[in-house]
Every structure is written in C-alpha cells, then in structure tokens.
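Structural features, examined
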Amino acid sequence: MIGPDLPASANVVRYVGFARIRGDRVDGSAFCLRPGEGGLSIHWLDYYSDLTKEQQLIQVRRLLRLNVGARAGLAELNIGETRQYVASELPTLRFVHSPSPANDRYPADPAHSDIVGLPPADAEDLALLIGDMIAQRVKAVHPIADA
Amino acid sequence: MATTSETRQDKKARQIRQAYRSRIAELREFGEAEGVTINAASEKDFWDFVKSLPATRKGSLILMENGNLRAVWEASDDSHLALQFRGDRMVQYVIFKRRPRARQVSRVAGADTFDGIKRQIDTFALQTLVFR
C-alpha cells in the first residue's frame, strides 16, 4: 500500500554509494529503479522537526538498514522543487511516507519514505533521463559519517 | 607555434587520461566493496571513445550498478551529456540542452554508435560542453 504524500516543503535524503558520487554531485543512475522495485528508499528529514539538520542526519544514519560504504553520501532533495522540475517529463512522481516497523534486526524507522511513480527499470532511457533530472535538483551531498 | 600548441594539447590530453585512470581505479576499489565489478567491455569502449575524441574536456565518471561506466559533461545552465558505455561500441545517452534565449530545455535519451554520438553532439551544439 502506498502511503500519504509528503508535503512539498519537505526535504528528504537518499543513500548513494561512492561509485555514483561525482565530486559534490550525484549521478542520475542513483534515482533509477532496479528490476522488480516499485519505489526508491529515502528518508524524510523534517519528520524530526524539533532537531537541527545535523541531528536529523544523525537519526537517518543511525537507522539505515544497509551495509554503508565508507565514502558513501546522503543526497538531499526538496520535494516541491524536484517534483516541479520533473513534472514536464514525469507528472506521476510522488514522495510518500512509508515508515518501517521494527523487526528482529532493526529498530523502527519512522522517517522512512519512498519515491514512487518512476519509470520501470526496463525503460532505461527514460529512467536515466528522469534520474538525471532529479540529480540536477540535489541540494547537497552529506557525508555518511557523523561530523 | 603550432608545435607548442600541439604539445600543450597533448599534455592536457595526457593529464585527462591520467585522471580517468585514477578515477577508474577508485571506482574499481569502491565498486567491488559495493558488490559491483566494472564491465570490461564498457571500460574498453570508454577508452576507445576518449581516444577517438582527443580534444575532449574531462567528464565525470561513475560506475553504474550494472557494471557499466557512465561519463557526464554538464554546464551551469543545466545542459548535460551523459554517456553509458554498454560494450560492442554502443552508447546509451541522455542529452539536456538549453538553447540560447530559450526558456525550456530540450531533453532526449536513446542509444547510438560512437559516430552517432558525435553527430548528436553536433546536432545539439554541445561542442563547448565536450570539447576544449
């Protein structure tokens, strides 16, 4: 089930491995679905509305369910800016809240969200075109390690 | 003067190739840590393409999850050329081009041969983005 849309004013981050980071930019392939995927995992920074940006990032890093690479990054997007920029090519793009419940291995991740409405993996040309557009709206790439 | 100019061009081309070698070594190391191995056919095509256009500016290079190398040239006006080297001398491209005085950006994506990509660079007037 797809959750509610996040507000246009919200800021989110997506984990990006080092091999897809180009200096202070992120490659658009980081915003493409893999075969069988329905959405891209992101984290809603403003969920932690009473924290500073650095504290929000610490929370996200703490709850990532990934084997984190040493020089990976967290690419930050503003939802409204990104949707507006991409709308001419892909009006279906949505950012939805999909909190992850706790399980045997991980604590609950209440800020977890997804980007949905992206082109499927087998439509590679369109997927990369949209991915590159999203990547052009990345505001910052935060280090994966806490400051 | 012509000789000096050629030498300067050659030196710049060598520096760019060295920067690409360093970046590919880095991508190989970090890619393997992330479970991705560089596709040898993609790497060969990347080098063949670079050598076929000796006066190119340095692009950014990344490793895709499918093991292919992708090179990107971009400008501050959101114009952009991204080339994924698939092997067999076929290249998947994404082009964004803001025409002078135009509000909208033209955007296309597809696949083409090396020669076809060179024609696309001409068609979309991306010479200043790609060439020195």
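Residues numbered from 1 in each chain as written. Chains lettered and ligands numbered in written order. Predicted model: local features only at pLDDT ≥ 70, side-chain atom pairs only at ≥ 80, totals over all residues.

1. Some remarks on the overall build of chain B
Scanning chain B from terminus to terminus reveals four helices and five strands. Going residue by residue from the N terminus, the α and β elements of chain B occur as α-α-β-β-β-β-β-α-α. In summary, chain B has a C-alpha radius of gyration of 15 Å against a globular reference of 14 Å for 132 residues, a match within 12%. Taking the principal axes of the C-alpha coordinates as reference, chain B spans close to 45 × 40 × 25 Å. Going through the 132 residues of chain B one by one, you find that 27% of them count as buried. In chain B, the proportion of contacts linking residues at least 24 apart, taken out of those at least 6 apart, comes to 50%. (Helix = DSSP H or I, 4+ residues; strand = E, 2+ residues; numbered from the N terminus. Rg over C-alpha atoms; globule rule 2.2 N^0.38 Å. Buried ≥ 20, exposed ≤ 12 C-beta atoms within 10 Å, placed from the backbone. Contact = placed C-beta atoms within 7 Å.)

2. Topic: the overall build of chain A
When helices and strands are tallied, chain A shows three helices and eight strands. When its helices and strands are written in sequence order, chain A yields β-β-β-β-α-β-α-β-β-α-β. Scaling as 2.2 N^0.38, a compact globule of 147 residues should have a C-alpha radius of gyration of about 15 Å, and chain A matches this with 14 Å. By its C-alpha atoms, chain A is 35 × 35 × 30 Å across when sized along the principal axes. Residues counted as buried form 39% of the 147 residues belonging to chain A. Expressed as a percentage of contacts within chain A between residues at least 6 apart in sequence, the contacts between residues at least 24 apart total 77%.

3. Topic: the sheet that holds strand S2 (residues 69–74) of chain B
Residues and elements named next belong to chain B. Pairing is antiparallel across the open sheet formed by five strands, whose spatial order is S1-S2-S3-S4-S5. If you trace the sheet from one side to the other, it starts and ends with strand S1 (60–63) and strand S5 (105–113), each paired once. On average, each strand axis in the sheet is tilted by 15 degrees relative to the strand beside it, whichever way the strands run. Sheet analysis places S2 next to strand S3 (residues 80–87), joined by five bridges and oriented antiparallel. (Pairing = 2+ DSSP bridges. Axes fitted to C-alpha atoms, helices over the stretch in contact; angles between N-to-C directions.)

4. Some remarks on the nonpolar core
Membership of the largest hydrophobic core comes to 62 residues, with the highest contact counts inside it found for A:Val12, A:Ala75 and B:Leu83. Sort the elements by how many residues they give to this core and helix H3 (residues 124–136) of chain A lands first, with seven residues. For B:Leu83, the residues in contact, after removing those within four places along its chain, are B:Arg70, B:Ala71, B:Val91, B:Tyr93 and B:Ile117. (Core = buried A, V, L, I, M, F, W, Y, C linked by C-beta atoms within 7 Å.)

5. Thoughts on the interface of chain A and chain B
Contacts between the two partners involve 19 residues from chain A, matched on the other side by 20 residues from chain B. Take the side of chain A that touches chain B: its biggest share by element is seven residues, from H3(A).

6. Details of the environment of A:Asp104
All names here are of chain A. Locating Asp104 in the fold gives a position in the loop between strand S6 (94–97) and strand S7 (112–116). Take Asp104: there are 4 C-beta atoms within 10 Å of it, and that puts it in the exposed class. Considered as a pair, Asp104 and Gly38 are 66 residues apart in the sequence and their alpha carbons are 24 Å apart.

7. Things to note about helix H2 (residues 79–86) of chain A
All names here are of chain A. Among the residues making up H2, those that are buried are Ile79, Thr82, Arg83 and Val86. Down the axis of H2, the sector holding all buried residues measures 95 degrees, keeping them to one side. Turning to H2, the residues buried within the fold contact strand S1 (11–16), strand S5 (73–78), S6 and H3. (Arc of directions from axis to C-beta.)

8. A look at the pairing of S7(A)
Residues and elements named next belong to chain A. For S7, the buried fraction is high: four of the five residues fall into the buried class. Pairing geometry for strand S4 (residues 39–44) and S7, over five bridges, is antiparallel. The residue bridging Ser41 from the neighbouring strand is Asp114, located in S7.

9. Structural notes on H3(A)
Taking 1.5 Å as the rise per residue, H3(A) with 13 residues should run 18 Å; its terminal C-alpha atoms sit 18 Å apart, in good agreement. Every buried residue of H3(A) is accounted for by A:Ala127, A:Leu128, A:Leu129, A:Ile130, A:Gly131, A:Asp132, A:Met133, A:Ile134 and A:Ala135. Looking at the buried side of H3(A), the elements it contacts are strand S3 (25–26) and H2 of chain A together with S3, strand S4 (90–98) and S5 of chain B. (Expected span 1.5 Å × (residues − 1).)

10. Considering the sheet that holds S7(A)
All names here are of chain A. Pairing is antiparallel across the open sheet formed by six strands, whose spatial order is S6-S7-S4-S1-S5-S8. Every other strand in the sheet has two partners, leaving S6 and strand S8 (140–143) as the edge strands with one partner each. On average, each strand axis in the sheet is tilted by 35 degrees relative to the strand beside it, whichever way the strands run. Note that S1 and S5 share six bridges and pair antiparallel. What sits directly across from Asn11, in S5, is Asn78. Across the sheet, H2 is in contact with S1, S5 and S6; its angle to S5 comes to roughly 75 degrees.

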